[in-house]
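The primary structure of each chain is shown beneath.
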Amino acid sequence: MKIEQLSNERDMLLKAKREHYAVGAFNFSSIEIMRAIVDAAEAAHSPVILALSEGGLKYAEPRYIRHVVGVVSEMSNAPVALHLDHGKNIDIVREVIDLGFNSVMIDGSSLPYDENIAVTKEVVKYAHKRGVVVEGELGVLAGVEDDVHSDVHKYTDPEQAVDFVKKTGVDSLAIAIGTSHGAYKFSGEAKLRIDILKNINSLLPEVPLVLHGASSVPQNFVKTINEYGGKIEGAKGVPEEEIRESCRNGISKVNCDTDLRLAFTATIRKYLVENPTIFDPRKYLQACKDAMRDFVIDKMTNVLLSANKA
Ligand code: G3H
Ligand code: 13P
Ligand code: ZN
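Calculation notes
- Residues numbered from 1 in each chain as written.
- Chains lettered and ligands numbered in written order.
- Predicted model: local features only at pLDDT ≥ 70, side-chain atom pairs only at ≥ 80, totals over all residues.
- Heavy atoms only, no water.
- Near = heavy atom within 4 Å.
- Polar contact = N/O pair within 3.5 Å; in protein donor to acceptor, adjacent residues only side chain to side chain.
- Areas by Shrake-Rupley, 256 points an atom, 1.4 Å probe, with all protein chains shown as cover.
- Helix = DSSP H or I, 4+ residues; strand = E, 2+ residues; numbered from the N terminus.
- Nonpolar A, V, L, I, M, F, W, Y, C, P; charged D, E, K, R; others polar.
- Salt bridge = Lys/Arg side-chain N within 4 Å of Asp/Glu carboxyl O.
- Buried < 20%, exposed > 50% of the residue type's maximum accessible area, 1.4 Å probe, protein only.
- Pairing = 2+ DSSP bridges.
- Right-handed = clockwise from strand over helix to strand, strands pointing away.

## Remarks on the site of ligand 2
Neighbouring ligand 2 are 14 residues, the closest being Asp85, Lys185, Ser215, Asp257 and Thr258. Between ligand 2 and the protein, one listed contact pairs an oxygen atom with a side-chain N or O atom of Asp85 at 2.6 Å. A distance of 3.0 Å separates an oxygen atom of ligand 2 from a polar side-chain atom of His181. For ligand 2, whose unbound accessible area comes to 300 Å², protein coverage reaches 96%. Those elements that place two or more of their residues in the shell around ligand 2 are strand E3 (80–87) and strand E10 (251–256). Split by residue class, the shell around ligand 2 holds 2 nonpolar, 9 polar and 3 charged.

Here it is, written out as structure tokens:
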């Protein structure tokens with residue numbers, strides 16, 4: 001079942017690759033977050049990818065998602081794609097394709113290489129027959145990803161990346177160059193392995209590359225959360241200049257979830273303390289939505305450079 005209003009993510013990413021900017025893939029799990037993302041894309045005249053993880057999908061209820069996203073995309077002037085983030089369970093990947101998602105990630109990065117190829121190939125076969133694009137992943141990001149935890153980065157091997165794309169037929173490839181998921185990305189210097197990225201990009205000049213774990217963890221959000229009763233000391237993200245440099249060197253899709261969680265949490269903590277008499281959820285959820293929208297507009301305009309590319 002197709003959601004007619006969605007835009008083709010493959011075209012979005014190929015254009016971004018040619019023109020050296022990146023399309024943001026922002027995770028959502030509620031209407032407020034989804035509308036903040038789509039409103040930002042519209043305001044910035046930017047393409048955008050709405051991403052749902054398997055956990056997000058379970059929380060948001062797949063049956064609602066296809067209708068709500070369809071309506072929101074129809075109302076919006078911005079090109080919107082709907083993507084399954086970190087699909088690990090092939091039954092869920094098939095389910096969302098049948099539901100109308102027009103882009104899926106199959107994440108076999110924690111599997112042995114041959115098994116990653118096998119599962120990715122299977123998804124590509126199912127998806128391409130139905131006009132759905134597929135992102136694969138090679139290399140391991142340090143940190144927590146759903147239930148899978150890794151203490152160390154396993155950077156993507158450039159030669160293996162070429163072999164992987166050739167054998168699987170994926171449309172885009174997520175690579176590991178030093179980012180990680182969550183709010184605690186670096187204990188030491190916050191640097192990415194741009195040298196590895198350049199190498200992969202020179203071998204795969206036509207393939208959109210994807211950067212996961214790319215939140216910048218804005219320190220104003222961290223400060224507000226800690227000031228208003230939270231406890232997330234030492235949170236640190238990817239410096240914006242490292243993301244810009246990645247986009248100049250072949251990264252065409254940048255994933256961001258943690259930053260929106262921080263914007264939401266900082267705003268609601270502050271709002272409720274400063275407005276003790278308010279108990280209408282629309283009031284504080286509106287403030288949260290505005291904070292997330294403003295953050296996404298800034299990211300599209302000043303970091304990803306996708307503004308005015310719609
Ligand atoms: O890549 C991970 C995303 O931030 C999704 O996280 O599995 O907690 O929804 P989640
Ligand atoms: P962050 O945790 O850095 O936002 O990464 C999100 C992500 O990669 C989703 O797939
Ligand atoms: Zn990710």
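## Overview of the pattern of salt bridges
Pairs may arise between side chains of opposite charge once their charged atoms sit close together. One pass over the full model with this rule turns up 23 salt bridges. One salt bridge in this structure joins Asp39 and Lys289, with 3.1 Å as the shortest N-O distance. Of this pair, Asp39 sits in helix H2 (residues 31–44) while Lys289 sits in helix H12 (residues 281–304), and the two are 250 residues apart along the sequence. When the shortest N-O distance is used, the salt bridge between Lys167 and Asp163 registers 3.1 Å. One end of the pair, Lys167, and the other, Asp163, are both in helix H7 (residues 158–168), 4 residues apart, so they sit about a helical turn from each other. What you see here is one network of salt bridges that share partners, running through Glu241, Arg244, Glu245 and Arg248.

## Let's talk about the pairing of strand E1 (residues 23–27)
Burial analysis of E1 places 5 of its 5 residues in the buried class, the great majority of the element. On E1, burial covers both faces: Val23, Ala25 and Asn27 on one face and Gly24 and Phe26 on the other are all buried. Of the strand pairs in this sheet, E1 and E10 are connected by 4 bridges, and their pairing is parallel. Note on E10: the bridge partner recorded for Val23 is Lys253. For E1 and strand E2 (residues 48–53), the ladder comprises 3 bridges, and the chain directions are parallel. Directly across from Ala25, in E2, lies its bridge partner Ile49. In this region the chain leaves E1, passes through H2 and returns to the parallel neighbour E2; the handedness of that crossover is right-handed.

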